[in-house]
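In case you want the letters, here they are:
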Amino acid sequence: MVNGLNLAFQFLDSFAFIVLAAAGLAIIFGIMGVINLAHGEFILVGAYATTLAVTGLSVPLPVAMLVGAVVTAAFGLVVERTVISGAVPNRLWARLEPPLSATLPDQAAALLPGTPLVEPLYDRLADSMVATFGLSLVMVQGARIVFGNSIDQVATPLGELSYGAFSYSAYRVVLAGVSVAVLALVYYVFAYTDYGMRARAVIQDDRTARAMGVDTERTYAATFAFGSGLAGFTGALFAPLVSMQPTLGGQFLVEAFVAVVVGGASVVVGTVLSAGVLGAVEASVTNYFDSQTFGRIALLLAAILALRFLPGGITGYIERLRTRRREDR
Amino acid sequence: MALLDLSGVTAAYDRTPVLRDVDLSVDQGEIVGVMGKNGVGKSTLLKTVVGLLAPRSGTVSYHGEDVTDLAADERARRGIGYIPQGRDVFPKLTVEQNVRMGETINEGCDEYLHDTVYEYFPVLAERADQSAGTLSGGEQQMLAIARALVANPDLLLLDEPSEGIQPSIVDQISEDMRAINDDLGTTILFVEQNLGVIRSMADRCYAMERGEVVDELAGEALADEGTIAGYLAV
Ligand SMILES: Nc1ncnc2c1ncn2[C@@H]1O[C@H](COP(=O)(O)OP(=O)(O)OP(=O)(O)O)[C@@H](O)[C@H]1O
Ligand SMILES: [Mg+2]
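Calculation criteria
- Residues numbered from 1 in each chain as written.
- Chains lettered and ligands numbered in written order.
- Predicted model: local features only at pLDDT ≥ 70, side-chain atom pairs only at ≥ 80, totals over all residues.
- Heavy atoms only, no water.
- Helix = DSSP H or I, 4+ residues; strand = E, 2+ residues; numbered from the N terminus.
- Rg over C-alpha atoms; globule rule 2.2 N^0.38 Å.
- Buried < 20%, exposed > 50% of the residue type's maximum accessible area, 1.4 Å probe, protein only.
- Contact = heavy atoms within 4.5 Å.
- Areas by Shrake-Rupley, 256 points an atom, 1.4 Å probe, with all protein chains shown as cover.
- Lys, Arg positive; Asp, Glu negative; His and termini not counted.
- Charge placed at Lys NZ, Arg CZ, Asp CG, Glu CD.
- Near = heavy atom within 4 Å.
- Polar contact = N/O pair within 3.5 Å; in protein donor to acceptor, adjacent residues only side chain to side chain.
- Nonpolar A, V, L, I, M, F, W, Y, C, P; charged D, E, K, R; others polar.
- Donors = N, O, S within 2.8 Å, 3.2 Å for Na, K, Ca; no water.
- Core = buried A, V, L, I, M, F, W, Y, C linked by side-chain atoms within 4.5 Å.

*Asks:* Teacher, can you tell me more about the overall build of chain B here?
*Replies:* For chain B, the helix and strand inventory stands at 10 helices and 10 strands. Relative to the globule expectation of 17 Å for 234 residues, the C-alpha radius of gyration of chain B, 17 Å, shows essentially globular dimensions. Summarising its shape, the C-alpha atoms of chain B cover approximately 45 × 40 × 35 Å along the three principal directions. Counting every position in chain B, which comprises 234 residues, the buried fraction comes to 54%. In chain B, once contacts between residues fewer than 6 apart in sequence are set aside, the share between residues at least 24 apart is 70%. When the accessible surface of chain B is split by element, carbon and sulfur atoms take 44% of a total near 9500 Å². Mean positive and mean negative side-chain charge positions of chain B (18 and 40 charges, respectively) differ by 9 Å.

*Asks:* Help me out: how do you make sense of the site of ligand 1 in this one?
*Replies:* Residue and element names in this part refer to chain B. Taken together, 13 residues are adjacent to ligand 1, and Gly-39, Lys-42, Ser-43, Thr-44 and Gln-85 come closest. In the model, an oxygen atom of ligand 1 is placed 3.0 Å from a nitrogen or oxygen of the Gly-41 main chain. Protein chains bury 59% of the 630 Å² of accessible surface belonging to ligand 1 in isolation. Among the elements that make up the shell around ligand 1, the one with the highest residue count is helix α1 (residues 42-50) (3 residues). Its residues placed into classes, the shell around ligand 1 shows 3 nonpolar, 7 polar and 3 charged.

*Asks:* Would you take a moment to explain the environment of Arg-87 of chain B for this structure?
*Replies:* Residues and elements named next belong to chain B. Take Arg-87: it is sitting in the loop between β6 (80-83) and α3 (95-102). Residue Arg-87 is classed as buried on the basis of its relative accessible area of 9%. In this structure the C-alpha to C-alpha distance between Arg-87 and Gly-138, which are 51 residues apart in sequence, comes to 9.6 Å.

*Asks:* I would appreciate a short explanation of the coordination of the magnesium ion (ligand 2) in the present structure.
*Replies:* A metal bound by six donors in octahedral fashion has ideal angles of 90 or 180 degrees, whereas one bound by four tetrahedral donors has an ideal angle of 109.5 degrees. All names here are of chain B. The magnesium ion (ligand 2) binds to the protein through Ser-43 (OG) and Gln-85 (OE1); the donor distances cover 1.9 to 2.2 Å. One end of the pair, Ser-43, is in helix α1; the other, Gln-85, is in the loop between β6 and α3, with 42 residues separating them in the sequence. Take Gln-85: its relative accessible area is 29%, and that puts it in the partly exposed class.

*Asks:* I would appreciate a short explanation of the environment of Ala-21 of chain A in the present structure.
*Replies:* Residue and element names in this part refer to chain A. Within the element layout of this structure, Ala-21 appears in helix α1 (residues 2-32). Put simply, Ala-21 and Phe-233 are 212 residues apart on the chain and 9.8 Å apart in space, counted from C-alpha to C-alpha. Apart from residues no more than four positions distant in its own chain, Ala-21 is found in contact with His-39, Ile-43, Thr-234, Phe-252 and Ala-256.

*Asks:* I would appreciate a short explanation of the nonpolar core in the present structure.
*Replies:* The tendency in soluble globular proteins is for nonpolar side chains to be buried side by side. By size, the foremost hydrophobic cluster in this structure holds 78 residues, and its most contacted members are Met-32 and Leu-237 of chain A. In terms of residue count, α1 of chain A provides more of this core than any other element does, 14 residues in total. If we ignore the near neighbours within four places in the chain, the residues touching Met-32 of chain A are Ile-27, Glu-80, Ile-84, Tyr-122, Asp-123, Tyr-220, Thr-223 and Phe-224 of chain A. Judged by nonpolar contacts, the second largest core, of 43 residues, contains Ile-31, Phe-121, Ala-202 and Leu-232 of chain B.

What follows is the structure, given as structure tokens:
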């Protein structure tokens, strides 16, 4: 009985961790075709902002968590405008290039790059990975320079739940609930809001969406900020649990990446299914061998198998099944 | 004053020039056709009007204002509705969601023609919750028209509405477009290769050959099948 309960808690724990780690990454990948390898560092921003708001400004923890999410969303917006879309460097260059080429001798001016200076990283998987990997290195080192090797952590709230000899952190149970709420929020946003409908139209056909009056630039920027905000919220939620070091994002990135790859491009359904499957695998193996390490190994093995047999992820597989059924009719 | 005026428009994809020095104008309330064989640049012409392709030179004015440098979404908000070749409905959104997408144009628009478009195209009302990708070609064409019409545009651009659609539906769509023009006063600029559609819809028609406007037909000339066929025959 206790073992069964333990397994259930472990599953909830894994599920919540995978969902929360993956949500922001999945949105940005699913809608913009950008793989954000700095995703873990966005989580870092949320975790640090929350912690510093509590320890430095004495803000109550729940409020500080919202602050963490908002700060990360704002940070994401800046990254989108500069690195991902290149809008800011392009605008600067468009202003700088004419006077510069006027002052230079013709031959030198001919060597200057034209406008636009850079193309957006939308739907360029490999390029977006390289750019965001660079960004993640800069962010980790930046955090180390500014805040040092670690910062003081906030205490885990809510205490323990106990059942016989077994006890469990109540906060972690709350996290499982929050992960479901986050999924519900994402589903609601994309299924029912005007922004969500525009975002889906933009993924399907961005030229036509533009001709329909959709400001696609704004939609992409909003999507990146939304995904970043969720990453920041994840950092905020885990701030009391993981050690506050500049490298804390790494542990989230692996799980998030695996979940997105296994889930496929459909944001909510893919994330739920892959978190369900991967969470179950990780929890049962951890429980059976009584070792977290084996749990993680099993998780990665499951991901490799999924990739081998389900390219396009679980949702890609479902899509193929559906198409086949339609053709059979 | 013309509602739409193109003057000296030259456009290209990369290096190949596709439009050469095109002059064209459309008056308020008119239905104007553009005909020409495959690849003469008809769709490209509409794209420069919508703002999906920036001309190399020349100007596009709309309501007497130079809009050459405006982005497509801004032009859409000023009342240019576009129905692309091949319809390009959003396949995974429902029929109703596609129509609602059209409402993102002119967010401040006084009134949307939400119910009106379903009156013109009752089939769409029957399939409101079906995903657009599962509609037939003719139904998708109607949906693309509905999606553009719902924001009550001043100018509707229609790219080969008859392509790949059975004749009876083509006739019905031509009639619907004339009715829309009569009832709502919507100005229409359309591109076609179908002789029947050109004759039944157009008040006036331009003929294009290799990126240039080579002729303008109205009245008797437009009634003469031989003349039109000459610009369309392969
Ligand atoms: N995106 C593009 N990139 C490069 N060339 C293009 C592109 N689109 C069209 N072209 C070329 O421009 C020319 C004109 O194309 P356009 O689509 O305007 O012709 P069209 O008159 O609409 O033809 P159709 O009747 O077949 O639709 C063609 O030679 C075509 O190959
Ligand atoms: Mg065409």
